[in-house]
Amino acid sequence: MKFGVCYYPEHWPESRWAVDARMMREAGLEIVRIAEFAWAKMEPADGQFDWGWLDQAIDTLAAAGLQIILGTPTAAPPAWLTRTHLDILRWEKDGRSRNHGTRRHTCPNSPTYHDFSRRLVTAMVERYGGRTAAVRDGRIIGWQIDNEFGGGHTGRCYCDNCAAAFRRWLQDRYGSIDALNEAWGTIFWSQTYTDWAQINPPRDDIDKANPSHELDYFRFSSDSIVAYQQMQLDIIRPQASGQFVTHNFMGLYLDLNQFDLAAPLDFVTWDAYYTGFPERWGPLLLPPGEAPAAYAYDVGDPLILGMAHDLMRGLKQRPFWVMEQQAGHINWSSVNAGVRRGTPRLWCWHALAAGAETIVFFRWRATLFAHEQYHSGLLRHDGSPDVGWHDLHRMQVERALLDHIAAEPLQAPVALLFDYDDLWALQIQPHRRDFHCLRHLFVYYRALQQMGIMVDLVSGQADLSAYRLVIAPTAHTATAERAAHLQQYVEQGGTLLLGVRSGFKTASNLVTDQPLPGTLRDLAGVKVLDWQVLPDGIGWDLATAVPHLTGPATYWVENLEPETAYVLARYESGMAALTENWVGNGRVLYLGFYPTAAQAGALLTHLAHQIGLKPLPPLPAGLLAYRRGHDTVLLNFTDEPLTAVVDGRSVVVNGRDISVHSTG
Amino acid sequence: MKFGVCYYPEHWPESRWAVDARMMREAGLEIVRIAEFAWAKMEPADGQFDWGWLDQAIDTLAAAGLQIILGTPTAAPPAWLTRTHLDILRWEKDGRSRNHGTRRHTCPNSPTYHDFSRRLVTAMVERYGGRTAAVRDGRIIGWQIDNEFGGGHTGRCYCDNCAAAFRRWLQDRYGSIDALNEAWGTIFWSQTYTDWAQINPPRDDIDKANPSHELDYFRFSSDSIVAYQQMQLDIIRPQASGQFVTHNFMGLYLDLNQFDLAAPLDFVTWDAYYTGFPERWGPLLLPPGEAPAAYAYDVGDPLILGMAHDLMRGLKQRPFWVMEQQAGHINWSSVNAGVRRGTPRLWCWHALAAGAETIVFFRWRATLFAHEQYHSGLLRHDGSPDVGWHDLHRMQVERALLDHIAAEPLQAPVALLFDYDDLWALQIQPHRRDFHCLRHLFVYYRALQQMGIMVDLVSGQADLSAYRLVIAPTAHTATAERAAHLQQYVEQGGTLLLGVRSGFKTASNLVTDQPLPGTLRDLAGVKVLDWQVLPDGIGWDLATAVPHLTGPATYWVENLEPETAYVLARYESGMAALTENWVGNGRVLYLGFYPTAAQAGALLTHLAHQIGLKPLPPLPAGLLAYRRGHDTVLLNFTDEPLTAVVDGRSVVVNGRDISVHSTG
Amino acid sequence: MKFGVCYYPEHWPESRWAVDARMMREAGLEIVRIAEFAWAKMEPADGQFDWGWLDQAIDTLAAAGLQIILGTPTAAPPAWLTRTHLDILRWEKDGRSRNHGTRRHTCPNSPTYHDFSRRLVTAMVERYGGRTAAVRDGRIIGWQIDNEFGGGHTGRCYCDNCAAAFRRWLQDRYGSIDALNEAWGTIFWSQTYTDWAQINPPRDDIDKANPSHELDYFRFSSDSIVAYQQMQLDIIRPQASGQFVTHNFMGLYLDLNQFDLAAPLDFVTWDAYYTGFPERWGPLLLPPGEAPAAYAYDVGDPLILGMAHDLMRGLKQRPFWVMEQQAGHINWSSVNAGVRRGTPRLWCWHALAAGAETIVFFRWRATLFAHEQYHSGLLRHDGSPDVGWHDLHRMQVERALLDHIAAEPLQAPVALLFDYDDLWALQIQPHRRDFHCLRHLFVYYRALQQMGIMVDLVSGQADLSAYRLVIAPTAHTATAERAAHLQQYVEQGGTLLLGVRSGFKTASNLVTDQPLPGTLRDLAGVKVLDWQVLPDGIGWDLATAVPHLTGPATYWVENLEPETAYVLARYESGMAALTENWVGNGRVLYLGFYPTAAQAGALLTHLAHQIGLKPLPPLPAGLLAYRRGHDTVLLNFTDEPLTAVVDGRSVVVNGRDISVHSTG
C-alpha cells in the first residue's frame, strides 16, 4: 500500500521543485506522477525536443526518494501542431471542429495525430524507458498513456478521418455492402447503401439514425481509442522493461469499452472524485426522482463510488490503483462544497477496502492558472497545507493497518455482468426514456451492498468460474457465443439470474425473430409471451413463496411461459413472473419484471442464503462493509455513529470513520 | 366500413408473403397499403427500375383477396440519389443540411427532387395505374401520395432552393419590392429591401425576424409542399381512372395548411396514434399546468384525438379514413406504455363514430430492423398475435353494428373556425408565452364535447351554411373578404361567436390602424376600447344574466364599447364584457375575455339551448357521445362503468367499452 | 424636469406629423427623440443621402415647439450595405454570422462598418450639428449615439475581424507572446502560444476556455464598442457646439463596461422597462429560489429598477436621463401584463427621486409593423390615448412638485463598488453555480434600501471621498493600484466593508500565490486561512456583539486570522468571522462569510448608526424612500396604504402613490 501525488513541475519555478519534493517525502508520499500534459514544454516547436527541464525535475524528485510515473502528454497537443494540422481536431456530432485552448480536442483516427504522437512517445521512451532508467536510479517505475481517454465527452469523433476509418472498419466487419445492408436492415425507409462511400458517421444531420448504424459507430469509436492507445503501447513496451504501463480510467464512463481498453495494460488505474460523481452519475443510477445520498454533505455517495471501484476491479478481475484521488474540493460540479478533515481519509480507506493497491492524490498544490484554478490540492494556492495533507499525515500513523488490509485476499462471490453492447443498444433505444442499463444494474448492486456482499462488475466474456452467483439484469444482445458462455458457467454449477429484455437483439442490433429470450431461451427454459411498459402508478400483484418478495411488479413486465423451468412467482393474472431452470449442475432464474430495490433485495437475500453467501443483516444506510480475508472493513459515511452486526456481534463505527473487524 | 393494414413486403422473405396474406384475410382485413418507402427497391440505381418484386407482392396479396393501396415512396429517396444531388436535402432553420439515414430529409423546392420524383411516379403509375390495373384483377384501388408531409418537423426547409423559390413567391404576391416593403413594414429598423435577392428565408441567423417575413415564409413553405403534392397528383390522376388518390395526414399538425393540402385529394386519410398524441399536443391544448387526461393508462386522451378526427373530417367537410390506426404500443413517446386488449377496439369505434369510413392498421408485424423496431404491429416480432390482432377478431363479430353506424348520416351542427393564418400569426407573436390558437379552440371544443354536440373544425373559407353555430375564438387576421364571408353566414340566420384578439391583423401581418375588431367591427357592432393581459392570479368580476357565467375574467381581457350591439355581460368596472349584435337574420356575439372551460361551458350551454341543439346533460369525464342519425354512440375511456343521460334515460357504459343508443 | 417622447416620423404618413406634434405639446411633452434607426431612409442607396424627409420632420416638430434629440441610426444598417459587405455582420460565439432582418447585427471591429458609419454620421452632423442648428431655431439640442450598445445579447462578436483586432489588443497589452503566455498561464495543458496568429476569440469550439483568455476577451469586446462610440463622438463633438452627446444605456447590463462607455459622454441616459426587468435580472439578483417581488402585478420590482437607477447615476456620479421610459405594456417578457393608470406616474416619480433630470417616454404611438407591434406607446395603434398618456396628463398638474424635487441636492452617503473585472471573473468561474457578483451586491443594496439610505453604484476607480461608507462585497481582482486607492479612502477617514473572495485574482485572472486577501491583506489586517462553499442546509453558528447579527453563516465561509485587526464575530469553531482594522483615520471591516439579507441588514444597521447615517426604521416591503435635500420622497409600489416613520412621525402613503415629506 503506497501513497503518491500528481505533480506538474512545469507549473512552478525550478527553485521550488526541491522544496516540494522534500515536503512530499515528509508527508509520506512515495510516488509522483508527472509530465502528462507537458507536450508544449517537451517539444516547443515542430521536431525540437527539450528534455533538460524534465531531466532536472526527475533528478530532483528522485533525489528526494520519490518513485516516478511518466504520463505521455498526448492529451494536450501544442498550438503549433493543431494550428497547422487541422485534421488533428476532433469533430462533434454536429460536424463542428473542436479547437485549441483546452485538452482532448483530438481525433483518434487522424493519421497526423498518430504520426506526431508516435514521434513524441518514441523520443520520450528512448530517453526515459526501462533500458535507460538505471541512469536515474531506477526510479521511473511506470508509464501512464495519455490521460482519461474520452474525458469531457470526447469519446466519439465525427470527422472525415473518422468517416474514412469507419468505412474501413465496416468493410472488415461485414465484407460486402450487401452484408452490411442486411445486417443493418437498410431496406427500411430506402436507406440501402450501394457504395461504402455513402456511409457517414451518424452525425446529427440525420434526424434519428438507424440503431444498427449508431451501435456500430459506438463500437468503432471505442475501437479507435483502443487502437490509439495500442499504438503508444507498442512503442513503450519494448523499451520499458521493468516498468508498468497503464492508463487512468474514469470509473463509470460509458462511451468507451473500458474492458477493451484495459485488456493490454498491466493494471487499471482510475481517477476517483467523490463529490462530483453523484451529480454526474446519480441521474443514471438512481430511480427517477431519487436524489443521490448525502449522508454527510462532503463525502459523496459511497455506493456510486463503490460501484465504480468494483467496475475498475472487474475490468481485469484484479486489484487496481487510484491514480487521481480527490484531496479536497473539486471545481467541476455545480456547488463544489468544501471538504472537511477526515473525509479524504475515509475515501482512501474505501478505495483500499475495494482493492486499491496504491493511491495517488490529485494534485500536489492548487494551480494558480487556467482551467483548474478552483480545484484543490494537498497544498493551497499559497502553499499552506489543505485538508488532504492533514488526512495524509493521519494515515501515516495507521500505515500498519492499511498494509495489513491491502495484503488480505480479495475475491467477490458475485458477478454483475456489465456489457457495453447491451448498454449502448439500450441507450440508443431505451423504449421508455428513463430505462438505463446502469440504473438496472444499480438496483442489484445496492441490494448486495446492503448485505455486505462484494461484487465484481465484469464483462460478458469474463471468466465466471470463481463466482457463486452471476447476475445479468439485461443480457440484451445475445449471440450464440454469449449464450454458450453462460451455459458453460451454469452447467458447471453456477447460479445465473437473468432479467427483462434479455436475448432481444442480434449482434448488429436487429430484433430477433425468435420468441424471447432468443438464444437464451433453452438456457432459461422459458418463453416470454409478451412484454410491456407499465407507466408510473400501474402495477401487477405477485404471488410467490420467496420471502418478502411482494408486489406490485411495475415499470417493465413480461409474461413468462415455462418450458423446462418451474415457476417461483406469478402475477395476479396467473402468468409466470419468475422461473427457475436446472441446467447441468447449476440453475438459471428468469425474473420477468424490473424489480424495485426492495424486490431485488428480497430475491437476492433468498438466493444468498441458498448458496451460502452469508449476507450480513441489512446494513444501515451510509455504512459499507468490505470483506477481505478474515477481516471486515466497515466504513461509516455519515456524521453519526452506526452499528453493524458482523458474526453476530454489534460493531459501532463512529461518524466518518472506519473500523476493522477480524474473525478468528 | 372496412379494415386494412399497412404492410412492407420488402421487409420479409418472399416466402412469407403468401402466409401473411392468408393470415390477413383470416383476420378480416380487406385492404393492404404497400410500397410507400420502397424507392431504393423500385429504383436500385439511377434510372434502373425493378418492378418484379412488387408485381409479385401485388399478385400474392391480390390472390388472397386483398385490395391494394400503393404509396408513392418519395418520402425516402435512395442514397445513390441524395449522395450525388445534395440540393435535394432539406435545410434546418440554422442553415444546416439534413442527410441520408432517415426519411423526409428532402426539400420540396428542389428541382432535382421534383425531376427524380416525377420520373419515378410516372413509371409507377404507368405500371400500376387504373388503365393497367385490370391485369391485376382490378385490386389496386388507390394511391397515397408520399407519406406524412411535414412529419418529424420537416414542414419547412430553409435551403437556397427555397430562398430562390421564396423570392419568386413574393414577387407573385407583391409585384414590386416597394409593395413588399410596404406590406412588411420594413421601414422599421432600416430593414428596407432594395432588391429581391436581398431577401432570405427567416433563418435563425436573424435574431428575431419581422413577423410579416415570418408569416409569409410559413405560407410559402406550406404552398411548396402543396405544390409538390400537386406535381405527383398531376401525374397520377390522368392514369388512375377508378382509383382514388389521397395522402395520410397528421391530425393536429400545425406547420402545413392542411386545408390546402386536402383540397385536390379525393378524401383525407390520417394516422391516429392515441398514446403519443397527448404528450405531443397536450401542452398546446390544455391550460398551462394541466396534464393530459389519463382516464385509463393505455387509452390516450380521447378529447385530443377526437379534436384531430373532427379536424380531419372538417378538412373537406366529409368522412375520412384512418390510414394508420395504432394497433398496440408505439415507440416515439417518452414512456411507450403497453396497450391492453379492448383498447384498440375502443379506438376503432371512436374513429368510426367520428366519421372514419375505413380503418387501416399500422402495421402488420413489428419490424425487426431500423428506426421502428419498438413499434408494435398486429403481430409481434416473432409472428405471434399481439393485442391489435385479438381486438380485430373481436370486431368481426360486431361487424353488422359497425356497418350500421358507418351508414348513419353525419352532420355536425357547430363549426369551430381553424385558420392557419391566425394560428401562425399568433405562434409568431403570442404576446403572452402560453397563448396558443389551439388552446383557445380547445376551451370551446371541450365544452361542446361535454354536451355531446358534434363539431367540425373548418377553415375560414368553408361553406358555413349548414351550421347552426359558428365559433371563431380568435378571428385574428381579418381581411375584408373574411368579414364578408362571416357577414353572409350571419345574415342568413347563423349565430357567430367571436373572441378576443379578433380583427387585429392585416393579410400581411401588420396591425390594423382601425379600432378593433377592425374589419369585423360593423359585424360585431362593438368597438374594443383596450385590451390587456392579466397575469395569473388577477381577474375582473363579471355581472351577467347568462346562467352560470361567473367571474373572474382572467388571462386576456378587452373592454368593449357597444355600438349597435347590446350588452350581455359587464366587468365589475361597468365596462361591457360580452355583447350581442343582430345582423340580418342572425346574430354575432363578441366575448371580450378568454374564457375558462367553465365559462365557455356556461355560454355555450346557454347558446345551445337558445338555438335548439339539445345538449346532453354534462357527460362524465372520459365518456364521449357521438350522434349519428338516430343513434348515439357512447364511448367510455375509463376503466369503470359510466352513466350518460340520453333522451332522458340513463345509459350505463362499461369501462373501456362502447354502447349504441337508438332513438325512435 | 422635462418630459419627452421617442418618435419615428418615418413610420407614419407625412400628413400625420403635424397632428402628432400638436398632440405632443398638448400632453406637456417638450422633447422628442427621432431618427435613431432610419439609416435606410437617410441613405437609401450607397452614398446617396436623402435628408428631405428628415428636414421636414424636424421642421414640423420644431414648429410645434418641441426640442429634438437626433439618434445616429448605426444600430440598423441597411440591406444594401450588409448584403454586399458581409464582414460587417456580427458572429456569435458558435462562429455563425448574424444577418439582416433585425438590429444590432454588426461587428464593432469591422473596418467597413466603421467606414460607412463614419461617412453617414459625418453627413448627418454636417447637416444637423450645432453650427447649423440655428437654421432650425436651435431646437436640435443633442445627440444620441447609436442605440443600446450590446442590446439583445450583442455585446460580444466572435468574427475574424474581431480575432485580428483581439490579437492587436493583446500585443498592446502584453508586448510579447512570452508575456502573454505567462499572464494567461498557458503552460497548463500545453496551451502555450508561439505566434499571435494562433490566438482566436474564445469561441465555443473550445470546450471550456482558459479563464484568462476569456476575461481578456470580455475586456477587449467592451473596449471595441467603446472605441466604436468614440469614433462617432470624435465626428460629432467638433461640429456640435451647444449640443450634448449621450447614449442610451441599459441599466444592469453586464456584457459591457458601462463606466468606460459613459466616461466621454456628457451625461448618461438609460432605458427603463419596469415590467421586463424582474424577469431578466431577478434570477441574477435574488437568492436562488426567490421570485421577484410582485407588490402589485403591474409595477415591476422597484428594488431591481432602483438598483439600475443607482448604477446609472453612479456611472458618472451625477444625475441622468431616462431616454426610454416605459409607458404601458411591453412586448418582450413572457407574459407582458397590462399596465394600469397610475403606474407610469409612479415609475416617473421613482426615476425623478433617484436622479432623473428628464424623462423621455417610449414611444409615441404603438407601431403597426415589424418586431415591436405589441409594444405599447402613449397612443394605441388606432391613435387613441393609452394609460401613459393619461398619467402624463396627471403629472402636468403636479409639475411644480416634480420640479421642486428635481432641484433638491442629491448625494448618496454610501457607495457600492461595482467592478466589471470582478463581475466577469466571477461569471467565468463562479465556483458554485449560483454565485453571482450582482446577487452579492444586491444583498447589501436591499438592506440599505430598507433603511432608506441612498447608495451609488460606482466603479473601483471612482472618487470615493464623498462617501461615508464604501462596500466592496467582493473586491475580487485586486491589483496593487486598487489596494492603494482603497487604502487612501480609508486613511482619510472612510469606512470600508470588504467581503469574501476579495483579493483573489491578479489583473490577468490568475490566482494570487499570496495568502488571501492578497494585496488587500495589509489593509484588512487579516489573513484568510481557508475558504469553502457550504452546500444548502449546512451552516456555522456565530458569536458576536453586533446586534441582531446571528448565525448560521452559510453558502461561502472563510476562516480569518486577524493580524492587525480585531475580531467582531467568531464562528462556533472559535475562528474569526468578522474583523475590523483601523487604518489612518478610517477602518476596514472584513466579513468572512456571504451574508443573508438579515445578516447584511444587521451589520449595516450597526455601521449606519456608528457613522451617523440616520437610517429609517425598517421600511415595509414595497415602500421606498429617497432623501433629496430636506425632502424624503416615499413611493408605495403596493396596492395598499403603507406607513413609514420619518423623523419620528408616521407617514401614510396610499397604494401606487407617492408622498413627499419635508423636514424643517
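Remember, it's a predicted structure, so these values are computed and weren't measured experimentally. (Residues numbered from 1 in each chain as written. Chains lettered and ligands numbered in written order. Predicted model: local features only at pLDDT ≥ 70, side-chain atom pairs only at ≥ 80, totals over all residues. Heavy atoms only, no water.)

**Student:** Explain the overall build of chain A to me, please; I cannot follow it from the model alone.
**Tutor:** Along its length, chain A carries 20 helices and 25 strands. Seen through its C-alpha atoms, chain A measures out along the principal axes to roughly 80 × 70 × 40 Å. Counting only residues that meet the buried cut, chain A has 68% of its 664 residues in that class. Sequence-distant contacts in chain A: of pairs separated by 6 or more residues, those separated by 24 or more amount to 72%. (Helix = DSSP H or I, 4+ residues; strand = E, 2+ residues; numbered from the N terminus. Buried < 20%, exposed > 50% of the residue type's maximum accessible area, 1.4 Å probe, protein only. Contact = heavy atoms within 4.5 Å.)

**Student:** Is there a simple way to think about the packing of helix α12 (residues 302-315) of chain A against helix α17 (residues 437-450) of chain A in this case?
**Tutor:** Packed helices, taken two at a time, are described by the angle their axes make and the gap between the axes. Residues and elements named next belong to chain A. Two numbers describe how α12 lies on α17: the axes approach to 11 Å, and their chain directions differ by 100°. For the element pair α12 / α17, the angle class is roughly perpendicular. When α12 is examined against α17, the residues Leu-303, Ile-304, Gly-306, Met-307 and Asp-310 are found in contact with a partner set consisting of Leu-438, Leu-441, Phe-442, Tyr-445, Arg-446 and Gln-449. When its residues are assigned to classes, the contact of α12 with α17 shows seven nonpolar, two polar and two charged. (Axes fitted to C-alpha atoms, helices over the stretch in contact; angles between N-to-C directions. Parallel < 35°, antiparallel > 145°, perpendicular 65-115°, else oblique. Nonpolar A, V, L, I, M, F, W, Y, C, P; charged D, E, K, R; others polar.)

**Student:** For this particular structure, what's the right way to read unusual backbone geometry?
**Tutor:** As a rule of thumb, non-glycine residues mostly have phi less than zero, and peptide bonds are mostly trans rather than cis. Geometrically, the link from Phe-362 of chain B to Arg-363 of chain B is a cis peptide bond, its omega value of -10° lying close to zero. Looking at where Arg-363 of chain B falls in the secondary structure, it is placed in the loop between β9 (356-362) and α14 (387-396). With phi around 70°, Asn-509 of chain B is a residue other than glycine that occupies positive phi space. With respect to the helices, strands and loops of the structure, Asn-509 of chain B is situated in the loop between β13 (495-498) and α19 (521-524). The backbone of Arg-104 of chain C shows a phi angle near 60°, a positive value even though the residue is not glycine.

**Student:** Which parts of the structure should I look at to understand empty space enclosed by the protein?
**Tutor:** Remark: the empty space left among the atoms is shown by a probe the size of a water molecule rolled over them. On inspection of all chains with the given rule, the structure shows 18 cavities of 30 Å³ or more. Estimated volume of the largest cavity: approximately 190 Å³. Leu-516 and Trp-531 of chain B together with Arg-380, His-381 and Asp-382 of chain C are the residues nearest the centre of the largest cavity, which is lined by 18 residues in total. In the lining of the largest cavity, the residues fall into eight nonpolar, six polar and four charged. In this structure, the second largest cavity is lined by Arg-90, Arg-104, Thr-106, Cys-107, Pro-108, Tyr-113, Asp-146, Phe-149, Gly-150, Thr-154, Ile-225 and Tyr-228 of chain B. Taken together, the residues of the lining of the second largest cavity sort by class into six nonpolar, three polar and three charged. (1 Å grid on protein atoms, 1.4 Å probe; cavity = no way out; pocket = protein on both sides within 12 Å on 5 of 7 lines; lining within 4 Å. Points joined across faces, edges and corners; volume = space filled by probe spheres on them.)

**Student:** Honestly, the relation of the copies chain B and chain A in this entry has me stumped. Any pointers?
**Tutor:** Put simply, the two copies of the chain differ by a rotation about an axis and a shift along that axis. Placing chain B over chain A gives an RMSD of 0.0 Å and needs a rotation angle of 120°, together with 0.0 Å of translation along the axis. Expressed as an axis order, the relation between the two copies is that of a three-fold axis. (Least-squares fit on C-alpha atoms with pLDDT ≥ 70 in both.)

**Student:** Looking at this model, I keep getting lost on the interface of chain C and chain B. Mind explaining?
**Tutor:** For interface size, the figure often reported is the accessible area lost on association. Contact with chain C, which involves 47 residues of that partner, is made by 44 residues of chain B. Summed over both partners, the interface of chain C with chain B comes to about 4000 Å²; 57% of that surface belongs to carbon and sulfur atoms. Three residues stand out in chain C for area buried against chain B, namely Tyr-297, His-371 and Tyr-374 of chain C, and they jointly supply 18% of the buried area on that side. One can count two salt bridges joining chain C with chain B. A salt bridge links Arg-380 of chain C to Asp-530 of chain B; the shortest N-O distance between them is 3.9 Å. Linking chain C with chain B are 21 residue pairs in polar contact (both at pLDDT 80 or more), by the criterion used here. Each residue belonging to the side of chain C that touches chain B can be placed in one class, and the counts come to 19 nonpolar, 17 polar and 11 charged. (Buried area = accessible area lost by both parts, 1.4 Å probe. Salt bridge = Lys/Arg side-chain N within 4 Å of Asp/Glu carboxyl O. Polar contact = N/O pair within 3.5 Å; in protein donor to acceptor, adjacent residues only side chain to side chain.)

**Student:** Even after reading the chapter, I still don't get the sheet that holds strand β8 (residues 320-326) of chain B, so can you show me in this structure?
**Tutor:** Hydrogen bonds between backbone atoms are what pair the strands of a sheet, whose relative direction is either parallel or antiparallel. All names here are of chain B. In spatial order, the strands read β5-β4-β3-β2-β1-β9-β8-β7-β6; together these nine strands make up an open sheet with parallel pairing. Of all the strands in the sheet, the pair left with one neighbour each is β5 (244-246) and β6 (248-249). Bridge count for strand β1 (residues 2-6) against β9 is four bridges, and the pairing is parallel. When the bridges of β9 are listed, Phe-3 appears paired with Ile-359. Against the sheet, helix α12 (residues 302-316) contacts β6, β7 (269-272) and β8, and its axis sits at roughly 170° relative to β7. (Pairing = 2+ DSSP bridges.)

**Student:** Looking at this structure, I do not really get the environment of Tyr-7 of chain A. What am I missing?
**Tutor:** Residues and elements named next belong to chain A. With respect to the helices and strands, Tyr-7 occurs in the loop between β1 (2-6) and α1 (14-26). By relative accessible area, Tyr-7 is classed as buried at 1%. Considering only alpha carbons, one finds Tyr-7 and Ala-308, 301 residues apart in sequence, at a separation of 25 Å. Discounting chain neighbours no more than four positions away, the residues touching Tyr-7 are Trp-12, Arg-16, Trp-17, Asp-20, Met-24, Val-32, Arg-33, Ile-34, Ala-35, Leu-61 and Trp-364. A polar contact of 2.7 Å, which involves the side chain of Tyr-7, links it to the side chain of Asp-20.

**Student:** Which parts of the structure should I look at to understand the domain arrangement of chain A?
**Tutor:** All names here are of chain A. Each assigned domain of chain A is listed with its residue range as follows: domain 1 (2-155 + 225-407), domain 2 (414-610) and domain 3 (623-662). Measuring from the centre of the C-alpha atoms in domain 1 to the corresponding centre in domain 2 gives 37 Å. Of the residues lining the interface, 26 residues belong to domain 1; the matching set on domain 2 comes to 23 residues. Contact between domain 1 and domain 2 buries roughly 2200 Å² in total, counting both sides, with carbon and sulfur atoms accounting for 63%. Ionic pairing is found between Arg-446 and Glu-290, a salt bridge with its closest N-O pair at 2.9 Å. Viewed at the interface, domain 2 and domain 1 are joined by 16 residue pairs in polar contact (both at pLDDT 80 or more). Listing elements by their share of the side of domain 1 that touches domain 2, those giving two or more residues are α10 (258-262), α11 (277-285) and α12. If you tally residues by element for the side of domain 1 that touches domain 2, the top one is α12, at nine residues. (Domains from an automatic or database assignment.)

**Student:** How should I be thinking about the sheet that holds strand β6 (residues 248-249) of chain A in this particular structure?
**Tutor:** Residues and elements named next belong to chain A. The strand order across the open sheet built from nine strands is β5-β4-β3-β2-β1-β9-β8-β7-β6, with neighbouring strands paired in parallel fashion. The strands lining the two open edges of the sheet, one partner per strand, are β5 (244-246) and β6. Relative to strand β9 (residues 356-362), strand β8 (residues 320-326) runs parallel, the two sharing five bridges. The residue bridging Gln-325 from the neighbouring strand is Phe-361, located in β9. Along the sheet, helix α13 (residues 343-353) makes contact with β1, β8 and β9, crossing β9 at roughly 150°.

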